[in-house]
Amino acid sequence: MNPFKYGQVVNGNDFCPRPALTKSIKDFIKSGQNIYVQGERRIGKTSLIIETIHHCRSKRACYVDLLEIKTTAGLCQRLAKALISFEQQSGFFEKILKSLSQLKPSIGFDTLTGSPTISIDPAIKFTPDSLNGLLDMLLSIHKKKPIVVVFDEFQDILNLREFKEVLAILRGKIQFHNSLPYIFSGSIRNKMYDIFNNPESSFFKSAIPIYVSELDTQCFVNFLKNKFALGKRTITDTAIDKIFSIADNIPGDVQQLCAAMWDTTSYKERFSEKNIPAALKLIFARESKGYEHILVQITELQLKCLVGLAKKGGKSPQSEEFLIASGISLPASVKKALNRLEQLKIVYRYEKEYKFINPFFKSWLIFKNL
Ligand SMILES: Nc1ncnc2c1ncn2[C@@H]1O[C@H](COP(=O)(O)OP(=O)(O)O)[C@@H](O)[C@H]1O
Ligand SMILES: [Mg+2]
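Conventions we followed
- Residues numbered from 1 in each chain as written.
- Chains lettered and ligands numbered in written order.
- Predicted model: local features only at pLDDT ≥ 70, side-chain atom pairs only at ≥ 80, totals over all residues.
- Heavy atoms only, no water.
- Pairing = 2+ DSSP bridges.
- Helix = DSSP H or I, 4+ residues; strand = E, 2+ residues; numbered from the N terminus.
- Domains from an automatic or database assignment.
- Contact = heavy atoms within 4.5 Å.
- Buried area = accessible area lost by both parts, 1.4 Å probe.
- Salt bridge = Lys/Arg side-chain N within 4 Å of Asp/Glu carboxyl O.
- Buried < 20%, exposed > 50% of the residue type's maximum accessible area, 1.4 Å probe, protein only.
- Axes fitted to C-alpha atoms, helices over the stretch in contact; angles between N-to-C directions.
- Parallel < 35°, antiparallel > 145°, perpendicular 65-115°, else oblique.
- Nonpolar A, V, L, I, M, F, W, Y, C, P; charged D, E, K, R; others polar.
- Near = heavy atom within 4 Å.
- Polar contact = N/O pair within 3.5 Å; in protein donor to acceptor, adjacent residues only side chain to side chain.
- Areas by Shrake-Rupley, 256 points an atom, 1.4 Å probe, with all protein chains shown as cover.

1. Focus: the pairing of strand β3 (residues 106-109)
Step number 1: Examined bridge by bridge, β3 and strand β4 (residues 116-119) share four bridges and lie antiparallel to one another. Each residue of the ladder has a partner; that of isoleucine 107, found in β4, is isoleucine 118.
Step number 2: From the end of β3 to the start of β4, which pair antiparallel, there are six residues, and glycine 114 there has a positive phi angle of about 80°.

2. Notes on the domain arrangement of the chain
Step number 1: Domain boundaries assigned for the chain yield domain 1 (17-211) and domain 2 (217-368).
Step number 2: Here the C-alpha centre of domain 2 lies 33 Å away from the C-alpha centre of domain 1.
Step number 3: Across the boundary between the two partners, domain 1 contributes eight residues, which contact eleven residues of domain 2.
Step number 4: Both sides of the domain 1 and domain 2 interface together cover about 860 Å² of buried area, and 52% of this is carbon and sulfur.
Step number 5: Counting the surface domain 1 buries against domain 2, the share from its top three residues, Glu40, Arg41 and Arg42, is 60%.
Step number 6: Linking domain 1 with domain 2 are two salt bridges.

3. Things to note about the environment of alanine 123
Step number 1: For alanine 123, the location among the structural elements is in the loop between β4 and α5 (128-144).
Step number 2: By relative accessible area, alanine 123 is classed as exposed at 68%.
Step number 3: Along the chain, alanine 123 and alanine 73 lie 50 residues apart, while their C-alpha atoms are 7.8 Å from each other.

4. Concerning unusual backbone geometry
Step number 1: Look at serine 58: it is not a glycine, yet its phi comes out positive at around 65°.
Step number 2: By the element assignment, serine 58 lies in the loop between α2 (45-54) and β2 (60-65).
Step number 3: Residue lysine 205 is not a glycine yet carries a positive backbone phi of 50°.
Step number 4: As for its position among the elements, lysine 205 is in the loop between α7 (189-197) and β7 (208-211).

5. Quick look at the packing of helix α11 (residues 276-297) against helix α15 (residues 359-368)
Step number 1: Relative to each other, α11 and α15 sit at 90°, their axes nearing to 9 Å. The orientation of α11 with respect to α15, classified from their angle, is roughly perpendicular. Residues Leu280, Lys281, Ile283, Phe284, Glu287, Ser288, Tyr291, Glu292, Ile294 and Leu295 of α11 lie in contact with α15, whose contacting residues are Phe360, Phe361, Ser363, Trp364, Leu365 and Phe367.
Step number 2: For the contact of α11 with α15, the class distribution of residues is eleven nonpolar, two polar and three charged.

6. A few points about the site of ligand 1
Step number 1: Around ligand 1, 21 residues are found, and the nearest of them are Lys5, Gln8, Cys16, Lys45 and Ser47.
Step number 2: For ligand 1, an oxygen atom lies 2.9 Å from a polar atom in the backbone of glycine 44.
Step number 3: Contact distances for ligand 1 include 2.6 Å between an oxygen atom and a side-chain N or O atom of serine 47.
Step number 4: About the coverage of ligand 1: the protein hides 94% of its 560 Å² of free accessible area.
Step number 5: Those elements that place two or more of their residues in the shell around ligand 1 are α2 and α10 (251-263).
Step number 6: Classifying every residue of the shell around ligand 1 gives eight nonpolar, seven polar and six charged.

See the structure below:
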């Protein structure tokens, strides 16, 4: 079985330890301090949070994923779902329904687990009472048996039309939940920054920031080598370096490439950089539909800009050298294209550098010689 895990939260033996961060998050949880966890996508935020809570004796995680949330009714539904997964006694279920009554919830049953589910028509108008009721329930559960509430991809709350009102309600309740620790996690830097650092935001200075960066390289390399050793495979240091560089040092992408290396090599094989192209081709074969879909969405000029980024890197996309490599005549056109590509979530800015959200898409553009 392939020992490399990606595209999912990792824990236990699949979690390469992050002792310093784990300790500080644990300490904050113990003292009931709210924190916000920031870091790039697939860097390991969710895994770190869930693994840490798992190691806090007697605490349970109440996990609410706000990814791509669009309406406040949807937020209530996700919160209700997280609450249900906790306690399923009928009395409790009725309380949730009562809180949500203005949102006209409908009840169903999960065909796999048989547990009750709640769904809400997102078109129904949101009322603050529903959210207040659900937040009160968090505290009553916590009083019975301690929990840690995790709002993941919290920046997506800004998608809601009435986000200011929702943030004010959340803040209004949370500030009185002294003993209940909240963790807000997010990957879009500027949005998370705004929520917690803009004096006009109700969340201004309401939580302590924690930054999640790459895993310690030596520790992660040993972790990966041990996984390869499970299939009596060995890997050269140069190959490992190349994998990290192709995957932009992002743990999720490093693991994806290692998984593809595993799938394209055999038991007891010692492999080197020479094996990397075959692994990349396997990834391309699995993901090319998505890449082609991106190409349909963008203009000729945006594609030129992407190819320039793939070939020249994104540190100075308005330089003469970049313009020549991408075949674009005006720096202003590059700027406009980059803004659009950022909006489409194809590239992102990291410390003044433009990077591909998916580094394998970058490799594919080069491979295809577009
Ligand atoms: N501590 C870790 N040890 C090993 N792999 C990790 C670790 N953290 C993250 N990863 C890799 O990254 C992927 C994404 O992790 P995740 O926690 O979902 O990141 P994020 O929440 O930042 O997007 C995982 O599936 C795994 O491949
Ligand atoms: Mg996550």
